[in-house]
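Descriptive analysis of the structure
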Amino acid sequence: MREITYLEAVREALSQEMRENEDVFMLGEDIGVYGGAFGVSRGMLEEFGSERIRNTPISEAAISGTAVGAALTGMRPVLELQFSDFITIAMDNLVNQAAKIRYMYGGKGSVPMVLRTPSGSGTGAAAQHSQSLEAWVAHVPGLKVVQPSCGSDAKGLLKAAIDDNNPVVFYEHKTLYKTSDHVPEEAYSIPLGKADIKREGTDATIVATAAMVPKALEAASKLAEEGIETEVVDPRTLVPLDKETIVESVKKTGRLLVAHEAVKRGGFGGEIASTIAESEAFDFLDAPIMRLGGAEVPIPYNPNLEKATVPSVEDMIDSVKQMVHYDTWRENHG
Amino acid sequence: MIQIPEHLSKERLLDLYEQMWLIRYFDEKVDEFFAKGMIHGTTHLAVGQEASAVGSCAVLKEEDKITSTHRGHGHCIAKGADINKMMAELFGRETGYCKGKGGSMHIADLDKGNLGANGIVGGGFAIANGAGLTSRMKDLGYVVLCFFGDGASNEGSFHEALNLASIWDLPVVFICENNQYGMSGPVKDMINIEHIASRSGSYGIPGKVVDGNDVFDVMNAVGEAVEHAREGNGPSLVECKTYRWKGHSKSDAKKYRTREEEKEWRDKDPIKRMKEAMLEKEIVTEEEVEEIKQQAKRKIEESVEFSKESPEPDLSTLLTDVYAD
Ligand SMILES: Cc1ncc(C[n+]2csc(CCOP(=O)(O)OP(=O)(O)O)c2C)c(N)n1
Ligand SMILES: [Mg+2]
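The structure displayed is predicted, hence computed values, not measured ones.

Thoughts on the pairing of strand S10 (residues 204-208) of chain A
Residues and elements named next belong to chain A. With five of its five residues buried, S10 lies for the most part within the structure. By the alternation rule, side chains of S10 split into Ala204, Ile206 and Ala208 and Thr205 and Val207, which are all buried. The pairing of S10 with strand S11 (residues 230-234) spans four bridges and is parallel. Paired with valine 207 across the two strands is valine 233, which belongs to S11. A crossover connection joins S10 to the parallel S11 through helix H8 (residues 212-225); in handedness this β-α-β unit is right-handed.

Written out as structure tokens, the structure is:
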């Protein structure tokens, strides 16, 4: 099968949906001739025209609200925010409007919109262009939250997000845009709420999201060289969360490490850890659950500092080993 | 030919002329280093827009303040920043303005009244108001210049802040550097009025359009607005029509504009126009202006040396300065 990049996979999903469904349109800043801040929509203006690839002023509040209103009245808008940090300006429309409309109105109406946005650090863009704020939106009932870690997932999940009748926040990780994998050419859908076991293992489970997934896979293959078999689970969507797959994995391995790039404090990892603590998998644990997350700082500019804010492959290896050798570790540290 | 205000001494003129070259050389250097991969992250260059920064800050007193934008190197230099510390910040070094933590989009020099560049478009409007409010409440007498782009004027924060500044008579001058584009969005497609300054009417405050590539035109208009604010009469809106010569950030394919348009604006080079006006009036000689230009170039070269010799921040600094003591 052909390989394409994550970025191309996102574009392909958008284009196929737009060909398929007249109600789907895009709006966002510089998505026209410029092709979007990261080039996702390059070429789409030429194919679909300016009526459906709507280049907007720099007005996140207006464009997010316009997406809500259009969605409520029969369109399926896909909004691009240039950097996920700017969600702060779109937040009222997302949290107080989009997320609540159907419930508040007693089950009337729906808001089938997708807000796509690149997130994460690793590009030297510093404090206001590098955050991972997905836990904020995951906290809000009414919103769905997607975080694909590879192009083939991104393509299928984006179709599902656009077809979904609810507001979906779709995070694309900047440092994954250039990664490639095998992506089927035809349109396909990956259901929201279905985790993927990216690697099977028996000794420990790493639940990783977005850019942490390739790192977890690297950690797992290094650990395998030392005879430790690590299972890597990618939830792919935080809301809805596939608790079952995570619970089953931990029941099998008896050890859980959760890794995300977002700041550890208040991060979604806490939700996953407590899901296990509350589940039947608790009885199967051979070591305390561990979490790796971003340092509790704004993302710094200097590349060494920036790198140090996010969990590394080595951090993951150390954590897994600590869990695997928990009894000896406890004797030495206890 | 642009008009030199009578009250400016030769020394002052040459000082302003040097600032213009410092900004141009600084940003050209940064452009070069980005192309070579010696500086990472992102940056927004103000080459071609030097006059709006220099002309605006030229009328300020030391204690006056500014809020800047993502395209902020010029504002920073015009407000009297230490070039070495600026360049070192772009190199991510410990000696930089932000100890290597901020980079191009976050240089701030609070001691010099520069409340900071801003990575959030439209992020400066209300902060400028707040600084103006402090000036009022503590009776400090300073004025705040709030720089922003044409694109930023479409953020909701523009409307909210200008209205508030107006009803509270805050000592803020909102300076729109209309360089004709946002990232790529042309002003003519994004705004249905010819002059952004016309929006001042919605707030009942003075609004003025100036030739942003004429440093003296900028000085006159901003000077008036600053006096108006200092005397307690509230905010104004000044729009400087200008053009950025480079791509939006680092380089871009510039598919959203024509090479002819670029040339037209390059012919209105603000530095060249200032030089020609000074030569025409025989205030300075060719040799003098050339010497100033070379001096600016040397300062930039020195800042590069300084930056290269500066240490990287220690990893232990990662966790410092999150909270104030
Ligand atoms: C809230 C927000 N939205 C979008 C961006 C991305 N962005 C950075 S600069 C820019 C264009 C700004 O245009 P303008 O205000 O005219 O300033 P210029 O770049 O022309 O100096 C955009 C869209 C941002 N940094 N912040
Ligand atoms: Mg602009």
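Thoughts on the domain arrangement of chain A
All names here are of chain A. You can read the domains of chain A as domain 1 (3-182) and domain 2 (196-333). On a C-alpha basis, the centroid separation for the pair domain 1 and domain 2 is 27 Å. In total, domain 1 and domain 2 occlude about 1900 Å² of area from one another, counting both sides; carbon and sulfur atoms represent 58% of this. It is Ser121, Gln147 and Ser149 in domain 1 that bury the most area against domain 2; as a group they hold 25% of the surface buried on that side.

Overview of the site of ligand 1
Around ligand 1, the surrounding shell holds 23 residues, and the nearest of these are A:Glu60, B:His70, B:Arg71, B:Gly119 and B:Gly151. The side chain of B:His70 places a nitrogen or oxygen atom 2.7 Å from an oxygen atom of ligand 1. Separating an oxygen atom of ligand 1 from a side-chain N or O atom of B:Asp150 is a distance of 3.1 Å. When ligand 1 sits alone it has 580 Å² of accessible area, and the protein chains cover 97% of it.

Some words on the packing of helix H1 (residues 10-35) of chain B against helix H11 (residues 286-309) of chain B
All names here are of chain B. Running from amino to carboxyl end, H1 crosses H11 at an angle of 45°, the nearest separation of the two axes being 8 Å. With respect to H11, the axis of H1 lies oblique. As for the relative orientation of H1 and H11, their crossing is right-handed in sense. Here Lys10, Leu14, Tyr17, Glu18, Trp21, Leu22, Tyr25, Phe26, Lys29 and Phe33 of H1 lie close against H11, whose contacting residues are Glu288, Val289, Ile292, Lys293, Gln295, Ala296, Lys297, Lys299, Ile300, Glu301 and Val304.

Conventions and cut-offs
Residues numbered from 1 in each chain as written. Chains lettered and ligands numbered in written order. Predicted model: local features only at pLDDT ≥ 70, side-chain atom pairs only at ≥ 80, totals over all residues. Heavy atoms only, no water. Buried < 20%, exposed > 50% of the residue type's maximum accessible area, 1.4 Å probe, protein only. Helix = DSSP H or I, 4+ residues; strand = E, 2+ residues; numbered from the N terminus. Pairing = 2+ DSSP bridges. Right-handed = clockwise from strand over helix to strand, strands pointing away. Domains from an automatic or database assignment. Buried area = accessible area lost by both parts, 1.4 Å probe. Near = heavy atom within 4 Å. Polar contact = N/O pair within 3.5 Å; in protein donor to acceptor, adjacent residues only side chain to side chain. Areas by Shrake-Rupley, 256 points an atom, 1.4 Å probe, with all protein chains shown as cover. Axes fitted to C-alpha atoms, helices over the stretch in contact; angles between N-to-C directions. Parallel < 35°, antiparallel > 145°, perpendicular 65-115°, else oblique. Left-handed = near helix turned anticlockwise from the far one by under 90°. Contact = heavy atoms within 4.5 Å.

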